[in-house]
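Observations on chain architecture
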Amino acid sequence: MKFRAVTGMNDILPEEARGYQFVEAQFRAAVEAYGFRELRTPIVEELGLFHKSTGETSEVVQKQMFLLAKEGESLALRPEGTPSSARVYIGNKMHGREPITKWFYIGPMFRAERPQRGRYRQFHQAGCELYGDEGPICDAEMIDMLYRFASKLGLSDVKVLLNTLGGPEARVAYRKRLVDYFTPLSDQISEHARERLVDNPLRILDSKDPRDQEASKNAPVLLDCLTDADLAHWEGLKAALDRLGTPYEVDPRLVRGLDYYTRTCFEVVTTSGNIGSQSAVLGGGRYDGMLSSLGGQPTPAIGFAMGIERILLALGDRKYEEPSLCFIAPLGEAAGLPCLELATQLRAAGIWTELDSRGNSLKSMLRRADNMGASVCLVMGEDEAKSGVVQFKNLGKHTQEQIPQSDAVKAVQQALAETTTITGQEPASTSGSQT
Ligand code: AMP
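Parameters and conventions
- Residues numbered from 1 in each chain as written.
- Predicted model: local features only at pLDDT ≥ 70, side-chain atom pairs only at ≥ 80, totals over all residues.
- Heavy atoms only, no water.
- Near = heavy atom within 4 Å.
- Polar contact = N/O pair within 3.5 Å; in protein donor to acceptor, adjacent residues only side chain to side chain.
- Areas by Shrake-Rupley, 256 points an atom, 1.4 Å probe, with all protein chains shown as cover.
- Helix = DSSP H or I, 4+ residues; strand = E, 2+ residues; numbered from the N terminus.
- Buried < 20%, exposed > 50% of the residue type's maximum accessible area, 1.4 Å probe, protein only.
- Lys, Arg positive; Asp, Glu negative; His and termini not counted.
- Salt bridge = Lys/Arg side-chain N within 4 Å of Asp/Glu carboxyl O.
- Contact = heavy atoms within 4.5 Å.
- Core = buried A, V, L, I, M, F, W, Y, C linked by side-chain atoms within 4.5 Å.
- Phe/Tyr/Trp six-rings, centres within 6.5 Å; stacked < 30°, edge-to-face > 60°.
- Lys NZ or Arg CZ within 6 Å of the ring centre and 35° of its normal.
- Axes fitted to C-alpha atoms, helices over the stretch in contact; angles between N-to-C directions.
- Parallel < 35°, antiparallel > 145°, perpendicular 65-115°, else oblique.
- Nonpolar A, V, L, I, M, F, W, Y, C, P; charged D, E, K, R; others polar.
- Expected span 1.5 Å × (residues − 1).
- Arc of directions from axis to C-beta.

All right, on to the site of the ligand then. Every one of the 14 residues lining the ligand counts as a neighbour, but Arg111, Glu113, Tyr120, Gln125 and Arg256 are closest to it. In this structure, Leu282 approaches the ligand through a main-chain N or O atom, which is 3.5 Å from an oxygen atom. A distance of 3.4 Å separates an oxygen atom of the ligand from a polar atom in the backbone of Gly307. Relative to its free-state accessible area of 480 Å², the ligand is covered by the protein chains to the extent of 93%.

Shown next, in the form of structure tokens:
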């Protein structure tokens, strides 16, 4: 019997993992420069947490939760990172410990969706959460950070879509306006939209159904329902982005799929690489009501989550080069131990080293060195082993010379320093994602 990975949950093979490592390393470097520190939480939470925060009317909670039944417990695989982070913030009484808390996370998320390109049932998100600052400058700073991040990664055609969803007061007023607007059209909209009309009419606006899109064309816009305070926040955000020169496009139909957003919401979209038609690589917004609704102190909050798989699609068929490697080819039994010793010395000096101790022919070892992309190959036969020397092959320059074994580490270091990688990765510092 052959087992396969569960549909929509992908194995990430080593050559693909390089891409993840690259994006994660870039992400870490970008957000740490803004003072975000890493938070790691379990991938399983109580189901109730997501009902209370992600929201009863969100598609994610209604249809996409992976549930784990355990006697007396109702658990779920996390579909997103924000609720866990809010739970940790409240549980650790962060409100009383520091005025502003900035966290980031990287890890797998789970949603039981219909898998398609760029949409999986296990995927990876990297995100940030910021607690304790309600002002629009903080929103602008985060959005600008993301625009810069996406541009620095080399994505082309990056767009920031921006909207405000207002505070609770505006939402109540807007909801009523939407119900008044859509009710007479209820036989022209989808079944799904008719259900949303009852529990969350805002969601009709981002329906993909052509009937709903048509019916939404003349729908009232939320901007007309904003309170003075909402409006001041919205204007403040745009002014701050204008000051930074961050390009954005106001999209009054951007409502996002999670229930908790208040005021600012945004997405970064691109058509770059293999992503196809315009897709969101990340989305986020303010959620000033979540902490108190989960039993914490009222605390303003803003965050975003970026889909790592989407970023990789947007980066296209980019090749993530392996760091430089030194290959050691011992020929004959007498070369085995000196080569083992040499490999250990090279690794101790921080050099990635592959020792092929199978006792194969030189030809097959050189082929393997080539396949692995080695930059240098050290070949040692029985004679060399006895006389304390080694053949030093520079595979890039196609040169070969005999050197004393005691000079090997220095010679390899020198040769590798001359080779460059396109990613500029440091070999050991790009460790994998949290699982
Ligand atoms: P959300 O958590 O729904 O706000 O989504 C934030 C980002 O996560 C999106 O912009 C996507 O890049 C990514 N994302 C969401 N759902 C999936 C999924 N099922 N598969 C892959 N990426 C996803």
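Here the narrative resumes.
Topologically, Arg111 is positioned in the loop between strand 5 (101–110) and strand 6 (122–131). For the buried Arg111, which has no salt bridge, the nearest side chain bearing the opposite charge is Glu113, at an N-O separation of 4.7 Å. Polar contacts involving the side chain of Arg111 include one to the main-chain carbonyl oxygen of Pro79, which spans 2.9 Å. The residues contacting Arg111, other than those within four sequence positions of it, are Val60, Gln64, Phe66, Pro79, Glu80, Tyr120, Arg121, Phe123 and Gln125.

Moving on to the nonpolar core. Within soluble globular proteins, side chains that are nonpolar tend to cluster in buried spots. Of all hydrophobic cores here, the largest spans 90 residues; its most connected members are Phe27, Met142, Phe182, Phe304 and Met306. Looking at this core, the element that brings in the most residues is helix 6 (residues 136–153), giving 9 residues. Counting 22 residues, the second largest nonpolar core, distinct from the first, contains Cys339, Leu342, Leu346 and Leu355.

If you walk through the whole model with that rule in mind, you get 10 aromatic pairs. Arranged with centres 6.0 Å apart and planes meeting at 70°, the rings of Phe27 and Phe104 form a pair that is edge-to-face. Taken together, the residues span a long stretch of sequence, with Phe27 in helix 1 (residues 14–32) and Phe104 in strand 5 at a distance of 77 residues. In terms of burial, Phe27 and Phe104 fall into one category: buried. Counting every residue linked through ring pairs, the aromatic cluster contains Phe27, Phe104, Phe149 and Phe304. Sitting above the plane of the Phe36 ring, Lys102 keeps its charged end 5.5 Å from the centroid.

Turning our eyes to something else, we now look at the packing of helix 1 against helix 12 (residues 308–315). The interhelical angle for the contact between helix 1 and helix 12, taken along N-to-C directions, is 105°, at an axis separation of 10 Å. The angle between helix 1 and helix 12 places the two elements in the roughly perpendicular class. For the pair helix 1 and helix 12, the contacting residues are Gly19, Tyr20, Phe22, Val23 and Glu24 in the first and Ile308, Glu309, Ile311, Leu312 and Leu315 in the second. Partitioned by chemical class, the residues of the contact of helix 1 with helix 12 number 7 nonpolar, 1 polar and 2 charged.

So, about helix 13 (residues 336–348). Taking 1.5 Å as the rise per residue, helix 13 with 13 residues should run 18 Å; its terminal C-alpha atoms sit 18 Å apart, in good agreement. Three or more residues of helix 13 are buried, namely Pro338, Cys339, Leu342, Ala343 and Leu346. Projected down its long axis, helix 13 shows its buried positions confined to an angular sector of 140°, all on one face. Exposed side of helix 13, more than 90 degrees from the buried face: Leu337, Glu341 and Ala348 are the residues found there. Buried-residue contacts for helix 13 involve strand 12 (325–330), strand 13 (352–355), strand 14 (376–380), helix 15 (382–387) and helix 16 (408–418). In the segment just after helix 13, Gly350 is the residue with positive phi, at about 85°.

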